[in-house]
Amino acid sequence: MSVAESPVQGATLHRGPLGRLRRFEPASLIWVLAAAALLFLVATPLVRLLISSLQATDTGTFTFDNYVSAYGRMRNLEALGNSLLYALEVTVLSALMAVPIAWGVSRTDMPAKSVVRALILGAFITPPYLGAIGWILLAGPNAGWLNRAWMAVTGSHSGFIDIYTFPVLSLVTALYAFPYIFVFTTDALDRVSSEMEEAANILGAGSVYTVFRITLPLVTPAILGGAIVVFLDTVALFGTPAIIALPARIRIMTLQLWQYFEFPVRAEVAAAYAIPLIAITLALFWIQRAVLGRRSYVALTGKGGSRTLTPLGPWRWAILGYSLFVVSLAVILPYAALAKAAFSKAWGLGFTLANLTFNNFYRLLAEEGARRTILHSFTYSAAAGCLAVALALLAAYVVNRKLMPGGAILSLLCMAPLVIPGIVLGIGFYAAFASPPVALYGTALILILGYSTRFLPIAYVNCAASLRALNPEMEEAVRILGGTRLRAIARVIVPVLKKSLLGTWLLVFIPATRELSTAIFLVGAQTRVISVMMLDLSENGSFEILAALGFFLLGATILIVLLGYKIIGRDFMLRRS
Amino acid sequence: MSGAEPKSVPRLSLDRLSCVYGSFTAVDQLSLDIAPGEFISLLGPSGCGKTTTLRMIAGFVRPTGGTIAMDGAVISSPQGSLPPEKRQMSMIFQSYAIWPNMTVAENVAFGLKLRRFDRESIRGKVQSMLDTVKLGALADRYPAELSGGQQQRVALARAMVIEPRVLLLDEPLSNLDANLREEMRFEIRRLHDKFHFTTVYVTHDQGEAMVTSDRIAVMNLGRLEQIEAPYLLYTRPKTRFVAGFIGRTNFLEGRIEGERVVFDRFDLPRNLFEKERLEANGPVLFSVRPQNISLDRGPFSEDSPVRLKGRVIERVFLGESWDYIVSPADSAVRLKVAAMPSQVFEVGDTLWLKLDPQQMAPLKE
Ligand SMILES: Nc1ncnc2c1ncn2[C@@H]1O[C@H](COP(=O)(O)OP(=O)(O)O)[C@@H](O)[C@H]1O
Ligand SMILES: [Mg+2]
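Residues numbered from 1 in each chain as written. Chains lettered and ligands numbered in written order. Predicted model: local features only at pLDDT ≥ 70, side-chain atom pairs only at ≥ 80, totals over all residues. Heavy atoms only, no water.

K.L.:
Help me understand the overall build of chain A, please; the structure alone is not making it clear to me.
P.N.:
Within chain A one finds 28 helices and zero strands. Counting only residues that meet the buried cut, chain A has 53% of its 577 residues in that class. Here the analysis covers contacts within chain A between residues at least 6 apart in sequence; of these, 76% occur between residues at least 24 apart. By element, 68% of the accessible surface of chain A is carried by carbon and sulfur atoms, the whole surface being about 24,700 Å². (Helix = DSSP H or I, 4+ residues; strand = E, 2+ residues; numbered from the N terminus. Buried < 20%, exposed > 50% of the residue type's maximum accessible area, 1.4 Å probe, protein only. Contact = heavy atoms within 4.5 Å. Areas by Shrake-Rupley, 256 points an atom, 1.4 Å probe, with all protein chains shown as cover.)

So this is what it looks like as structure tokens:
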């Protein structure tokens, strides 16, 4: 090949500004667009929220009045206090449920582990508000099945448990929160080498002593990490309080926020009231990082070491009994009550043939509105899954390959929604995008964007981890053979990572199908979703249809999870990421 | 081959190429010309900047100083760097980087598809290249079903089928087991003899570099120490580093004093050495290969100025040879000498040794 006809000749570098332009890869435009989209989705609502909180309702002038009206009232302060107490109780109860089971599953010869794990997964995929409905059917003051059974057995005139009280509210919430601590704790316990325990045994420590002095201290940071997640989730929880605390007249912060959106709408005060929620979340996340940062000593001893299971003798039945007790409270009893309701004309009536009906399911499928609602939930969630995975993958790619100066900001943007409680995100989206100029209120798009943003951190963490595991030489091989970065992404990175991307998609899709706190502010008349419909049904007391809908959602979820397990070939749900 | 077309424009010309990471200089003012069709190895210890140099050539890393030109056109400079996909090179990676989602044939066809060849010619080229690397029967396998050596061959086929202007290899054999590594060296050279692609081969294994290369560029601490054909590199090392890195050697300190080269308790006439390589009076360091020193029980027959009396200090039997540590003329100098298994001496024996000044390479520090 002679020098003159060399094709490279034409592509020679030019110095100066022209050269600079030539260096601008067309793909860079895509990185910039992805960054802009992230900024739009994550930063706008937050900034808008902050600005709103400092604006007067009518005039838009700068003011602190919103903070004064938000915090100047006793009931609002009470709600704040209640929310913190509620979260604390739920956290403690969750830890009491999760830690013994985690220890039993991870380190002992407890029987029927897979059953226990499967039922905990069941609790994990149960939307908390659905569990709460189940518990209304179980522990309603007089009509609840547990209370009726109690009255029948003891001959007493009143039940023994009332769902509409603070402690029971906390208990029911904990039943669907404890899987978080379980996941964190088993993950850590699985890494503790048995040699650590054996070293203590050989020095004469008994088994019980070893568990409390060696094993548990080693995993304490993990337990705390899970506990903080539960605490944060509970502070920001909307569904369960809406179903239980509202009728019980227990003031909870998220409910208070919601009420600012009833007539007359006082979005600015809501914004002011929401800001501290972000502050609390930020503070706790900071603590969590500090705590988990010390986890390293577990990791050091982990992995390599073997793990022998502690034989418990007859005590293994005790730990199994406890595990089954907890999971039956979380899964078996509420679903039994929901099943009964779903197939009944009236849930409170007995188990008679006259009361049996399939009509509740039939109505869900027959009614145009219900059908569309179900369809909305699944299509919006699927779209949100795709959008979140695409954005997260691009962002993770840009950060991992250091394609843009200040790329770390992208990862910060992707992770930021983690510290924005769903309800605050909902309010922020409403404030930023509902009205002109964006004017997305009532569209499917605002829900899809809302869901994507809410679950962006899950997607980002997973995408970043998969990318880190991928040898960059795979991609360099494409480029040196003449392919662009975009081609490398399309032809190699995505196909090679397709399983983990599908797993990531599911991890966004599944929670999105039941997302309530963000949706509640963003749905319009034509864009209702299952979670909002359930809340409405619960307000109307239509528990039969609600239960049927719940089963529908559960069935679909189980199907999807099973499909996911089959395709991905590993446990992607009960795993820390 | 390097001398074949002395006047032609080099295929690749690295000119004072540098790459600095923070305060650490990974590649330092490296200049190197590679002729079209030449096979050059970058040889050096781990961390000396070979990969960084190769990745600058490929366009994955932008130099912080100097330039790279291909066929006379600058393709890398601190101001800008032609992206890898526009360089018409190909590269074989340490991990092979075979795409697991494509079959062997699809892997090999990838670069051809990007070059918009038609279906028929792609199929023909892929098949003949696979036959060349002896993988013709495995075209429809997925990489996960191949052994390490076969994956290596896929990587070779994929890189060569596009007829690259420069073929880059980064320690391609380091993941193979020893036997296969031996075999693949010759395979790589065979393929080069067949296709004559301009090749830059990175390795820390001198054996690989010796077998495959037209010229070897020895690097140390980011700098080019010496570039030479394998035979000359071995026999005429120019720096202490090169002499020590390529093969085994003795370092012998001496002084040039007039017509004599003086060592500890013995000296040799200066005119026996390669004249042009000895500088003016002053200290000089020689590299003497252990097999270039002969031993004998009695004085060598001819009356040679290079025979010295010596004593065996230590010995090791290596199977194929003896390694003796000998001290000549009762000096403090210790010379390692390789001898045939039949030449048996005991520790403490006195013997005669003969040096060959023509094979004593003076070194620059
Ligand atoms: N991206 C980088 N940032 C900082 N230092 C680097 C980077 N890449 C390589 N180095 C350093 O440059 C030196 C040379 O690296 P490399 O070219 O990979 O050596 P070799 O391939 O010869 O073993 C090493 O010390 C390495 O740590
Ligand atoms: Mg290297």
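K.L.:
Is there a simple way to think about the interface of chain A and chain B in this case?
P.N.:
A common way to express how large an interface is: the accessible area buried when the components associate. Between chain A and chain B, the residue contacts involve 29 residues of the former and 42 residues of the latter. For the pair chain A and chain B, the number of links is two salt bridges. Between R55 of chain B and E476 of chain A there is a salt bridge; the shortest N-O distance is 2.7 Å. Counting across the interface, chain A meets chain B through seven residue pairs in polar contact (both at pLDDT 80 or more). At the level of elements, α1 (7-10), α23 (472-480) and α24 (485-496) of chain A are the ones that each hand at least two residues to the side of chain A that touches chain B. Take the side of chain A that touches chain B: its biggest share by element is seven residues, from α23 of chain A. Partitioning the side of chain A that touches chain B into residue classes produces 14 nonpolar, seven polar and eight charged. (Salt bridge = Lys/Arg side-chain N within 4 Å of Asp/Glu carboxyl O. Polar contact = N/O pair within 3.5 Å; in protein donor to acceptor, adjacent residues only side chain to side chain. Nonpolar A, V, L, I, M, F, W, Y, C, P; charged D, E, K, R; others polar.)

K.L.:
It is not clear to me how the site of ligand 1 should be interpreted in this structure. Could you clarify?
P.N.:
All names here are of chain B. With respect to spatial proximity, the complete set of residues near ligand 1 consists of Y21, F24, A26, P45, S46, G47, C48, G49, K50, T51 and T52. Take K50: an N or O atom from its main chain is 2.9 Å from an oxygen atom of ligand 1. Note that an oxygen atom of ligand 1 is positioned 2.5 Å from one of the side-chain N or O atoms of T51. Here ligand 1, which alone exposes 550 Å², has 59% of that area covered by the protein. Mapped by element, the contributors of at least two residues to the shell around ligand 1 are β2 (24-34) and α1 (50-58). It is α1 that provides the largest number of residues to the shell around ligand 1, a total of three residues. (Near = heavy atom within 4 Å.)

K.L.:
Just checking my understanding: could you explain helix α8 (residues 145-154) of chain A for this structure?
P.N.:
The periodicity of an α-helix, 3.6 residues per turn, causes residues three or four places apart in sequence to face the same way. Residue and element names in this part refer to chain A. Residues W145, N147 and M151 constitute the buried set of α8. Each buried residue of α8 lies within a common arc of 165° when the element is viewed along its axis, so the set occupies one face. Where the residues of α8 are buried, they touch α7 (128-139) and α16 (315-342). After α8 finishes, the residue G155 shows a positive phi value of roughly 75°. (Arc of directions from axis to C-beta.)

K.L.:
Even after reading the chapter, I still don't get unusual backbone geometry, so can you show me in this structure?
P.N.:
Note on backbone geometry: most residues besides glycine have negative phi, and most peptide bonds are trans. One non-glycine residue, K402 of chain A, adopts positive backbone phi at about 50°. Among the secondary structure elements, K402 of chain A is positioned in the loop between α18 (368-400) and α19 (408-415). For K402 of chain A, a relative accessible area of 71% corresponds to the exposed category. In this structure, E163 of chain B is a non-glycine residue whose phi angle is positive, near 50°. On the secondary structure map, E163 of chain B appears in the loop between α4 (148-160) and β8 (166-170).

K.L.:
In this structure, what is going on with the domain arrangement of chain B? I would like to understand it.
P.N.:
All names here are of chain B. Once the domains are mapped, chain B shows domain 1 (12-88 + 164-238) and domain 2 (248-357). A separation of 36 Å is found between the C-alpha centroids of domain 1 and domain 2. With four residues of domain 1 in contact, the opposing surface of domain 2 contributes five residues. Around 430 Å² of area is buried between domain 1 and domain 2 when both sides are counted, 33% of it from carbon and sulfur atoms. Of all residues in domain 1, Y234, R236 and P237 bury the most surface against domain 2, accounting for 94% of the area lost on that side. On the surface where domain 1 and domain 2 come into contact, there are zero salt bridges. Inspection of the domain 1/domain 2 interface yields two residue pairs in polar contact (both at pLDDT 80 or more). Residue composition of the side of domain 1 that touches domain 2, by class: three nonpolar, no polar and one charged. (Domains from an automatic or database assignment. Buried area = accessible area lost by both parts, 1.4 Å probe.)

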